[in-house]
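One letter stands for each residue in the lines below.
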Amino acid sequence: MHTSNKRKSKTWAALILSGVLLFSLHTPSYAADSNAPLPKATWTSSSLALNEVNTEKDVIIKELNAVPSKNLVYVHSSQPVIKTSSNTKLDWQLDSLQALDATTGQLKWNVIFHEKSGPYTTYSNSLYSSYGTAYVYMEYSDGTKKVYSYNTSGKTNWVKTVNQSSSIYLLDNDTLLVASSPGVQSNGSVRTAISLYDKKGKLITEKTINGAVLKAGSNRIVVDASKQTKVGSYWQAAANPKVEIYDRTLNRLSFYQFPSNANTLGDGGGESLAILDDGSVIMRANFANTGNKLMGFGTDGKMAWGRTIAGDAFVQTAGSGYTVFTGQKLELYTMKGKVTERTFKDQQEALMIVERTQDENYKLNFTQTGYILDPQTLDTIHEYAFASSPGMLDGYSTYSDHIIYQINDDALSKYVLKTAPAK
């Protein structure tokens, strides 16, 4: 199901790459350069702004994804189109997918999702496989909706036309899931058509289910099977949903009805619903009179435990574990229980968050210090200190394999975090 919050561009806490960067690395393979000055950008690309049509210069970054194995960096961006006609109420966008050489920053290829006199994009989303296949979902101003697959040379692998608004997800084995729904019916129910494709675009299986897909990943699909309630002119999802968990064959494994005193809608910080690499699922809910809990559903889809957490706790997952950040304490858990914890005495940002990096480490940015942490131990991989407060900006960056790629003034810059072989 397409919901309004999916149509908002993502905003990440950007790294302010200025001042002195201190590295501390505690892994068997590397040793860090301590007290090393921040390296200058290895390169900064040309402007990512497009000039094909009458667009605003503001470049909205939809996704930024590095593919080290293919020496590529993908940038999916859009620019608002300046409309010269009032014949449509839609907000037009000019979308593009640009692939840059990770060594030089030079543009290798660019796909623009608009043909002269053709429809513009009104909504878009993209996903990337570990080996570099790009999956892009586009909705156009003429009502058409398409899913594209591109290889690392910018050539189209395949294109699928879908009839309803859709969401796309990547499961394990590089299976693409497309969930399409016409929206909420007059009685509040939702029907969703789920289609699974292999990397060649061959249909693996499909099924129409009752409910809206909340999230899919690994080998699990989580569905809200509850009816929605109309509030004014809008439909509102149930605060205490009936959650159903499906496997990759679209077989329903289990269901769980949250009690009437539970509220799963937007309470707390971080991930309110996550699928771990082993197929386990965790959900967050606030229970009246008792407070926040994390609910854990095992690989069989059945509820395994409930764990009380603070109302202001920030939850983030990576791999087969998850973290709970409360106050100065970061706690690491697996489905079996607590693994370790770590206390930070650094001054915190006003809106302190924990991020999952592209290569599934954890990243924390405090007021003057930041960390990249091992997801299995919470040991430091990189530690960096800012000469001045980084603040919380609307920039966009990604970290992978000891490299930071960051958008600076509509261009992409590469920063290599230097490490030396351990002695």
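1. Focus: the overall build of the protein chain
And then number 1: For the protein chain, the helix and strand inventory stands at zero helices and 39 strands.
And then number 2: Here the protein chain, with 423 residues, has 51% of them falling under the buried criterion.
And then number 3: Counted over contacts in the protein chain with a minimum sequence separation of 6, partners at least 24 positions apart contribute 47%.
And then number 4: Carbon and sulfur atoms provide 46% of the accessible area of the protein chain, an area that totals close to 19,600 Å².

2. Considerations on the sheet that holds strand E13 (residues 176-181)
And then number 1: Taking strand neighbours across the sheet as the criterion, the four strands line up as E12-E13-E14-E15 in an open arrangement whose pairing is antiparallel. Edge positions in the open sheet fall to strand E12 (165-170) and strand E15 (203-210), since each of these has one partner strand only. With strand direction ignored, the average angle separating the axes of adjacent strands in the sheet is 20°.

3. Comments concerning unusual backbone geometry
And then number 1: With phi around 70°, Ser117 is a residue other than glycine that occupies positive phi space.
And then number 2: Within the fold, Ser117 resides in the loop between strand E7 (107-112) and strand E8 (121-128).
And then number 3: Phi angles above zero are rare outside glycine, and Asp410 is one such case at about 65°.
And then number 4: You can call Asp410 partly exposed: its relative accessible area is 26%.

4. Considerations on the sheet that holds strand E16 (residues 212-217)
And then number 1: Here four strands make up an open sheet; going across it, the order is E16-E17-E20-E21 and the pairing antiparallel. Edge positions in the sheet fall to E16 and strand E21 (252-257), since each of these pairs with one other strand and no more. Shown here is a sheet whose adjacent strand axes are inclined to one another by a mean of 20°, direction ignored.
And then number 2: The pairing of strand E17 (residues 220-224) with strand E20 (residues 242-247) spans five bridges and is classified as antiparallel. Its bridge partner lying in E20, Arg220 is registered against Asp247.

5. Quick word on the layout of surface pockets
And then number 1: Of the voids in this model, the second largest pocket is the one considered here, and its volume is about 210 Å³.
And then number 2: Around the second largest pocket sit Ile112, Phe113, His114, Glu115, Gly118, Pro119, Tyr140, Asp142, Thr144, Lys146 and Tyr148, which together line it.
And then number 3: Tallied by class, the residues present in the lining of the second largest pocket amount to five nonpolar, three polar and three charged.

6. Regarding the side chain of Ser226
And then number 1: Of note, Ser226 is situated in the loop between E17 and strand E18 (229-231).
And then number 2: Within the local environment of Ser226, its side chain forms a polar contact with the backbone nitrogen of Lys242, the two atoms lying 2.6 Å apart.
And then number 3: Not counting chain neighbours up to four residues away, the residues in contact with Ser226 comprise Ala238, Asn240, Pro241 and Lys242.

7. Description of the confidence of the model for the protein chain
And then number 1: Per-chain confidence: the protein chain averages 87 in pLDDT, with 86% of residues scoring 70 or above.
And then number 2: Confidence over residues 1-37 falls short of pLDDT 50; this stretch has 116 contacts with residues more than four positions distant or in other chains.
And then number 3: Considering only residues more than four positions removed or in separate chains, one finds that residues 389-394, a stretch of pLDDT under 50, has 17 contacts.

8. Considering the pattern of salt bridges
Where charged atoms from two side chains of opposite charge approach closely, those side chains can pair.
And then number 1: Here the structure, examined in full by the defined rule, presents nine salt bridges.
And then number 2: Residue Lys329 pairs with Glu341 through a salt bridge whose shortest N-O separation is 4.0 Å. Taken together, the residues span a long stretch of sequence, with Lys329 in strand E30 (residues 329-334) and Glu341 in strand E31 (residues 337-343) at a distance of 12 residues.
And then number 3: Where salt bridges share partners, they join Lys329, Glu331, Lys338 and Glu341 into one cluster.

9. What to know about the pairing of strand E34 (residues 369-373)
And then number 1: Summarising burial for E34: five of the five residues are buried, a large majority.
And then number 2: Judged by which residues are buried, E34 turns out to be covered on both faces: Thr369, Tyr371 and Leu373 on one side and Gly370 and Ile372 on the other are all buried.
And then number 3: Where strand E33 (residues 362-365) hands over to E34, the hairpin turn is made up of three residues, counted between the paired strands.
And then number 4: Here E34 runs beside strand E35 (residues 380-385); their pairing, made up of five bridges, is antiparallel. Bridging across to E35, Tyr371 finds its partner in Glu383.

10. Topic: the pairing of E7
And then number 1: With five bridges joining them, strand E6 (residues 93-101) and E7 adopt antiparallel strand pairing. The partner of Gln98 across the bridge, within E7, is Asn110.
And then number 2: Linkage of E6 to E7, two consecutive antiparallel strands, is achieved through a turn of five residues, within which Gly105 is found at a positive phi near 80°.

Analysis parameters
Counting of residues starts from 1 at the beginning of each chain's written sequence and follows it residue by residue. Given that this is a predicted model, residues contribute local features only at a pLDDT of at least 70 and side-chain atom pairs are listed and counted only at 80 or more, while totals for whole chains, interfaces and linings are drawn from all residues. Hydrogens and water are ignored here; the side-chain numbers use all heavy atoms of the structure. In this description a helix means any DSSP run of H or I spanning at least four residues, a strand means any run of E spanning at least two, and both kinds are numbered starting from the N terminus. The classification of residues rests on relative accessible area computed with a 1.4 Å probe and restricted to protein chains. Under 20% of the type maximum is buried, over 50% is exposed, and intermediate values are partly exposed. Contacts were defined at the residue level, with two residues in contact if any of their heavy atoms lie within 4.5 Å. Exposure was quantified through the Shrake-Rupley algorithm and a 1.4 Å probe, taking into account, for residues, occlusion by the shown protein chains and nothing else. The criterion for strand pairing is that DSSP finds at least two bridges linking the strands in question. Between N-to-C directions, angles span 0 to 180 degrees; the directions come from axes that are lines fitted to C-alpha atoms, helices contributing only their stretch in contact. In this analysis, the protein atoms alone were mapped onto a 1 Å grid. Cavities are point sets where a 1.4 Å probe fits without being able to get out; pockets are open sets with protein on both sides within 12 Å along at least five of seven lines; lining residues have an atom within 4 Å of a point. Grid points are joined across faces, edges and corners, and a volume is the space filled by probe spheres set on the points. When residues are grouped by polarity, Ala, Val, Leu, Ile, Met, Phe, Trp, Tyr, Cys and Pro land in nonpolar, Asp, Glu, Lys and Arg in charged, and all others, Gly among them, in polar. Throughout this description, a polar contact denotes any pair of N or O atoms lying within 3.5 Å of each other; where both atoms belong to protein, one of them has to be capable of donating a hydrogen while the other can accept it, and for residues adjacent in sequence the pair is counted only when both atoms sit in side chains. Confidence of the predictor at the level of single residues is given by pLDDT, which spans 0 to 100. Salt-bridge detection follows one rule: a side-chain nitrogen of Lys or Arg within 4 Å of a carboxyl oxygen of Asp or Glu.

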